[in-house]
Amino acid sequence: MDSLLFPSGRFLGIEWHVWKVVGWLGNAVFFSRFVVQWYATEKRKQVVVPSAFWWLSLTGSLLLLAYALFYQKDSVFIFAYAFTWIPYIRNLIIHRRHKHAHILCPSCRINCPPQSNYCSDCGAPLKAEDEVAVPAG
Ligand SMILES: [Zn+2]
């Protein structure tokens, strides 16, 4: 068993140091996003990309970028992760805006999808903040 896990005294044949841990942690985090997205899709029985997917993408790609910049110092590897954070952050912002755009039902306190006119649960009419009638005078 020792010769399989620790060939020539290295765990899994890898010479471990700080940047190897950062690189492999980046790989593990980046890979785990696939499991999270798959689980969310199976649970809802429709294609779903939860915000956790974008957080894992962002964290994993930043760890891999750090590994590429400070350890590998390879231009191909650096370029591969240099700009991926842009769509991840953009998608996190859109997720947040969408979540905040939900309308709270005044009668049953359930969050209804943005731009709903009626509560999806109790059917009560919903009014957006800017539509609330202001007394004339
Ligand atoms: Zn309601």
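Being a predicted model, the structure only gives us computed values, none of them experimental.

### A closer look at the overall build of the protein chain
Next up, step 1: Scanning the protein chain for helices and strands turns up five helices and two strands.
Next up, step 2: The helix and strand sequence of the protein chain, counted from the amino end, reads α-α-α-α-α-β-β.
Next up, step 3: Principal-axis analysis of the C-alpha atoms gives the protein chain an extent of 85 × 35 × 20 Å.
Next up, step 4: Going through the 137 residues of the protein chain one by one, you find that 26% of them count as buried.
Next up, step 5: Within the protein chain, counting contacts between residues at least 6 apart in sequence, those at least 24 apart form 36% of the total.
Next up, step 6: For the protein chain, the exposed surface amounts to about 10300 Å²; the carbon and sulfur share of it is 63%.

### Comments concerning the coordination of the zinc ion
Next up, step 1: Binding of the zinc ion to the protein goes through C105 (SG), C108 (SG), C119 (SG) and C122 (SG), at separations of 2.2 to 2.3 Å.
Next up, step 2: Metal-centred angles of 106 to 117° between the four donor atoms at the zinc ion mark the site as tetrahedral.
Next up, step 3: Owing to a relative accessible area of 40%, C122 belongs among the partly exposed residues under this scheme.

### Concerning the side chain of T41
Next up, step 1: Its place among the elements puts T41 in helix 2 (residues 18-44).
Next up, step 2: According to the relative accessible area criterion, T41 is buried, its value standing at 17%.
Next up, step 3: A distance of 3.2 Å separates a polar side-chain atom of T41 from the backbone nitrogen of V48.

### Regarding the confidence of the model for the protein chain
Next up, step 1: The share of residues in the protein chain with pLDDT of 70 or more is 92%, and the mean pLDDT across the chain is 89.
Next up, step 2: Taken element by element, the protein chain is modelled with least confidence in helix 1 (residues 2-5), mean pLDDT 76, and with most confidence in helix 3 (residues 51-72), mean pLDDT 96.

### A look at the layout of surface pockets
Next up, step 1: Taken as a whole, the largest pocket encloses approximately 460 Å³ of empty space.
Next up, step 2: Lining the largest pocket are 13 residues; nearest its centre among them are P50, S51, H95, R96 and K99.
Next up, step 3: Those elements giving two or more residues to the lining of the largest pocket turn out to be helix 3 and helix 5 (85-100).
Next up, step 4: When residues in the lining of the largest pocket are grouped by element, the largest group, seven residues, is from helix 5.
Next up, step 5: Here the lining of the largest pocket is built from residues that sort into six nonpolar, four polar and three charged.

### Looking at unusual backbone geometry
Leaving glycine aside, a negative phi is the common case for residues, and trans is the common case for peptide bonds.
Next up, step 1: Non-glycine residue K73 carries a positive phi angle of around 50°.
Next up, step 2: In this fold, K73 is placed in the loop between helix 3 and helix 4 (75-82).
Next up, step 3: A relative accessible area of 62% places K73 in the exposed class.
Next up, step 4: The phi angle at Q115 is positive, at roughly 65°, despite the residue not being glycine.
Next up, step 5: Mapped onto the elements, Q115 comes out in the segment after strand 2 (111-112).
Next up, step 6: Given a relative accessible area of 77%, Q115 falls into the exposed group.

The rules behind each value
All residue numbers here refer to positions counted from 1 along the written sequence of the relevant chain. Reporting of local features is limited, given that this is a predicted model, to residues whose pLDDT is at least 70; pairs of side-chain atoms are given and counted only at 80 or more, and all residues count toward the totals for whole chains, interfaces and linings. Water and hydrogen atoms play no part in the side-chain values, which are based on all heavy atoms of the structure. Only DSSP runs of H or I covering at least 4 residues are called helices, and only runs of E covering at least 2 are called strands; the numbering of each starts at the N terminus. Classification of residues uses two cut-offs on accessible area relative to the type maximum, computed with a 1.4 Å probe and protein chains only: under 20% is buried, over 50% is exposed, and between them is partly exposed. When checking whether two residues touch, look at their non-hydrogen atoms; a contact exists if any pair is within 4.5 Å. Note on areas: Shrake-Rupley with a 1.4 Å probe; residue coverage comes only from the protein chains shown. Water is not among the atoms examined, so metal sites may look incomplete; donors are the N, O and S atoms within 2.8 Å of the metal, or within 3.2 Å for Na, K and Ca. Working rule for geometry: tetrahedral if four donors all subtend angles between 85 and 135 degrees; square planar for four, octahedral for six, if opposite donors exceed 155 degrees and the others stay between 65 and 115; irregular in every other situation. Any N or O atom pair separated by 3.5 Å or less is treated as a polar contact, with the protein-specific requirement of one donor-capable and one acceptor-capable atom, and with residues adjacent in sequence counted only for side-chain atom pairs. For every residue, the predictor assigns a confidence score, pLDDT, that lies between 0 and 100. Think of a 1 Å grid over just the protein atoms. A cavity is a set of points where a 1.4 Å probe fits yet cannot get out, a pocket is an open set with protein on both sides within 12 Å along at least five of seven lines, and lining residues have an atom within 4 Å of a point. Grid points are joined across faces, edges and corners, and a volume is the space filled by probe spheres set on the points. Polar here means any residue other than Ala, Val, Leu, Ile, Met, Phe, Trp, Tyr, Cys and Pro, which are nonpolar, and Asp, Glu, Lys and Arg, which are charged; Gly is therefore polar.

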